[in-house]
Amino acid sequence: MRRAGLVIAGLLLITGCSSGQQAAQNRQGQAGFVSGNGNVSMFAAADRKVAPELTGKTLDGKTWTLSDHRGQVVVLNVWGSWCPPCRKEAPDLVAASKELGPSVQFVGLNTRDLDPAPAKKFVQEFGVPYPNVYDPNGRALLRFRGQISPAAIPTTLVIDKTGKVAGRVVGEVTKQTLLGMVKDAG
């Protein structure tokens, strides 16, 4: 019995020390994300919470800061190149960003891509025209605790012109949903 306890403790120690990449490789048969159902949550103006400050380097090396876009509706999409629902929703995000034009700022928050190359390939493959903040370790994502679950990828937030979260979709988002959310966020 004691030997079994030592073996289990040793396995836990080894597992606890593995890198995120190793852990992902060891999760055979698991998706690496919590798939949402795409339900939309819209918040009344009086109930909206201020979005935390988001700043970081984009995949093309520029600095992007959320507060620079006050006075503009912002669509924030959390994604990873490794995430099948993210790949499925990408064309809708691109189409919505093109239809809404410069009056709405779209930004991606790329998370858990330990190397930027797959994220850059994703952006190129889908023709993503908006900036994408590179957040491999999830630090920027954790600032949104209570508004975005770190495991719920993809998630999309619509942030109103005053910097408050007007709406959220956990899971895949469609172009029509985004257009309606942006309109409601005003």
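The structure displayed is predicted, hence computed values, not measured ones.

A. Focus on the nonpolar core. Residues L54, L76, F106, L109 and I159 are the most contacted members of the largest nonpolar core, which totals 44 residues. Contributions of two or more residues to this core are made by strand 4 (73-79), helix 3 (84-100), strand 5 (104-111), helix 4 (116-126), helix 5 (139-142), strand 7 (155-159), strand 8 (165-170) and helix 6 (175-185). Sorting elements by how many residues they give to this core places strand 4 first, with six residues. With residues near it in sequence (within four places) discarded, L109 still touches L54, L76, N77, V78, W79, V133, D135, A140 and L141.

B. Representation of the packing of aromatic side chains. With the rule as written, the count across this model stands at three aromatic pairs. Ring centres of W79 and F122 lie 4.3 Å apart, and the angle between their planes is 20°; this geometry places the pair in the stacked category. Remark: F122 occurs in helix 4 and W79 occurs in strand 4; sequence separation between them is 43 residues. Taken as a pair, W79 and F122 share a single burial class, namely buried. An angle of 35° between the planes, with centres 5.6 Å apart, marks the rings of F106 and Y130 as tilted. Here the residue F106 occupies a position in strand 5, and Y130 occupies one in the loop between helix 4 and strand 6 (132-135), the gap between them amounting to 24 residues. No difference in accessibility class separates F106 from Y130, as the two residues are buried. An aromatic cluster is defined as three or more aromatic residues linked by ring pairs; in this entry it consists of W79, F122 and F126.

C. Here's a closer look at the side chain of T65. Mapped onto the secondary structure, T65 falls in strand 3 (residues 63-65). The class for T65 is buried, based on a relative accessible area of 15%. For T65, the side chain forms a polar contact with the side chain of T55, separated by 2.8 Å. For T65, the contacting residues outside a window of four places in its chain are E53, L54 and T55.

D. Representation of the packing of helix 3 against helix 4. Running from amino to carboxyl end, helix 3 crosses helix 4 at an angle of 50°, the nearest separation of the two axes being 10 Å. Looking at the two axes, helix 3 sits oblique to helix 4. When the axes of helix 3 and helix 4 are compared, the crossing they make is right-handed. Taken together, the residues of helix 4 that come into contact with helix 3 (itself represented by C86, R87, A90, P91 and V94) are F122, E125 and F126. Classifying every residue of the contact of helix 3 with helix 4 gives six nonpolar, no polar and two charged.

E. Quick look at helix 3. Taking 1.5 Å per residue, 17 residues should reach 24 Å; helix 3 reaches 25 Å between its end C-alpha atoms and fits that length. Of all the residues in helix 3, the buried ones are P85, C86, E89, A90, L93, V94, A96 and S97. Contacts made by the buried residues of helix 3 are with strand 4, strand 5, helix 4, strand 7 and helix 6. Just downstream of helix 3, G101 is the residue with a positive phi angle, here 65°.

F. Just the pairing of strand 4, in detail. When you tally the buried positions in strand 4, you get seven out of seven residues, the bulk of the element. Burial along strand 4 is two-sided: the face carrying V73, V75, N77 and W79 and the face carrying V74, L76 and V78 are both buried. Inspection of the sheet shows strand 4 paired to strand 5 by seven bridges, in the parallel sense. From the neighbouring strand, L76 faces strand 5, where its bridge partner is V107. Read as a crossover between parallel neighbours, the route from strand 4 over helix 3 to strand 5 is right-handed. Where strand 4 and strand 7 come together, five bridges link them in antiparallel fashion. When the bridges of strand 7 are listed, N77 appears paired with T156.

The rules we used
Residues numbered from 1 in each chain as written. Predicted model: local features only at pLDDT ≥ 70, side-chain atom pairs only at ≥ 80, totals over all residues. Heavy atoms only, no water. Core = buried A, V, L, I, M, F, W, Y, C linked by side-chain atoms within 4.5 Å. Buried < 20%, exposed > 50% of the residue type's maximum accessible area, 1.4 Å probe, protein only. Helix = DSSP H or I, 4+ residues; strand = E, 2+ residues; numbered from the N terminus. Contact = heavy atoms within 4.5 Å. Phe/Tyr/Trp six-rings, centres within 6.5 Å; stacked < 30°, edge-to-face > 60°. Polar contact = N/O pair within 3.5 Å; in protein donor to acceptor, adjacent residues only side chain to side chain. Axes fitted to C-alpha atoms, helices over the stretch in contact; angles between N-to-C directions. Parallel < 35°, antiparallel > 145°, perpendicular 65-115°, else oblique. Left-handed = near helix turned anticlockwise from the far one by under 90°. Nonpolar A, V, L, I, M, F, W, Y, C, P; charged D, E, K, R; others polar. Expected span 1.5 Å × (residues − 1). Pairing = 2+ DSSP bridges. Right-handed = clockwise from strand over helix to strand, strands pointing away.

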